[in-house]
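Residues per chain, in single letters:
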Amino acid sequence: MIESSDRTPLARSFFDRPVLEVAPELLGRTLIRMTEDGPIELRLTEVEAYAGESDPGSHAYRGRTARNEVMFGPPGHAYVYFTYGMWHCLNVVCGPEGKASGILLRAGEIQVGAELTRRRRISARHDKELAKGPARLATALDVDRALNGADLCDGPAAPLTLLQGRPPSPDQVRNGPRTGVGGEGAYHPWRFWIEGDRTVSPYRAHAPRRRAT
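Before going into details, it helps to say that this report is about the structure given with it. (Residues numbered from 1 in each chain as written. Predicted model: local features only at pLDDT ≥ 70, side-chain atom pairs only at ≥ 80, totals over all residues. Heavy atoms only, no water.)

### Things to note about the side chain of threonine 45
Within the fold, threonine 45 resides in strand 2 (residues 38-50). The class of threonine 45 is buried, set by a relative accessible area of 0%. (Helix = DSSP H or I, 4+ residues; strand = E, 2+ residues; numbered from the N terminus. Buried < 20%, exposed > 50% of the residue type's maximum accessible area, 1.4 Å probe, protein only.)

Shown next, in the form of structure tokens:
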């Protein structure tokens, strides 16, 4: 049986490149999440790049910690973090081992397994909202810290796999400032999305959190 080219898994060499090369090329790829209830497939429509120790917006900006250890490991692995005491977010590690960089998966279109994601995203009014935003994407795919470090190049039975998919044409790709990033990294135009796709999340500038008085 000949495998369709869009069902071909991405090789580790795809991820072993500079983060700003990999990030826009993740658009249109198919992310497969194997769950106990069955597979979920999502077409990526929005991502954000984080350039490690040279990027004030990155978790690795101040060096290696127990939390960000995976970012310094081999490319092609998942980096999952917990934020605001409520949500998980899913990232893909890229670049050479020892130099931390990663790509936040911000949004996508559920193409297989929508009935499974609706159970977890009961507040979604339409299917286009199932994975519209990084926390929603992780919730829809049942991603938590148990998947931190998962190898996306480990074969079709792995819990997370990225396939060739259907990348958009270059004229459909847009970029701009990252959502919710403040300080020196606020204006890096390192968010990439597919123009006109209804699953792309709205841009929100950084809003400093106020301490309770």
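### Structural notes on the layout of surface pockets
Counted as a void, the largest pocket has a volume near 1300 Å³. As for the largest pocket, its lining consists of 41 residues, of which Thr83, Tyr84, Arg106, Pro134 and Thr179 are closest to the centre. Its residues assigned to classes, the lining of the largest pocket shows 16 nonpolar, 13 polar and 12 charged. In the lining of the second largest pocket, the residues fall into five nonpolar, four polar and three charged. (1 Å grid on protein atoms, 1.4 Å probe; cavity = no way out; pocket = protein on both sides within 12 Å on 5 of 7 lines; lining within 4 Å. Points joined across faces, edges and corners; volume = space filled by probe spheres on them. Nonpolar A, V, L, I, M, F, W, Y, C, P; charged D, E, K, R; others polar.)

### Observations regarding the nonpolar core
Nonpolar side chains tend to gather and get buried jointly when the protein is soluble and globular. With 40 residues, the main nonpolar core has Leu26, Leu31, Leu90, Leu105 and Leu162 as its most contacted residues. Broken down by element, the residue count for this core peaks at five residues, all from strand 2. Residue contacts for leucine 90: discarding those within four places in its chain leaves Leu31, Ala78, Tyr79, Val80, Ile103, Leu104, Leu105, Leu137, Val143 and Leu160. In terms of nonpolar packing, the next biggest core, distinct from the first, is built from 12 residues, Ala60, Val70, Phe72 and Val181 among them. (Core = buried A, V, L, I, M, F, W, Y, C linked by side-chain atoms within 4.5 Å. Contact = heavy atoms within 4.5 Å.)

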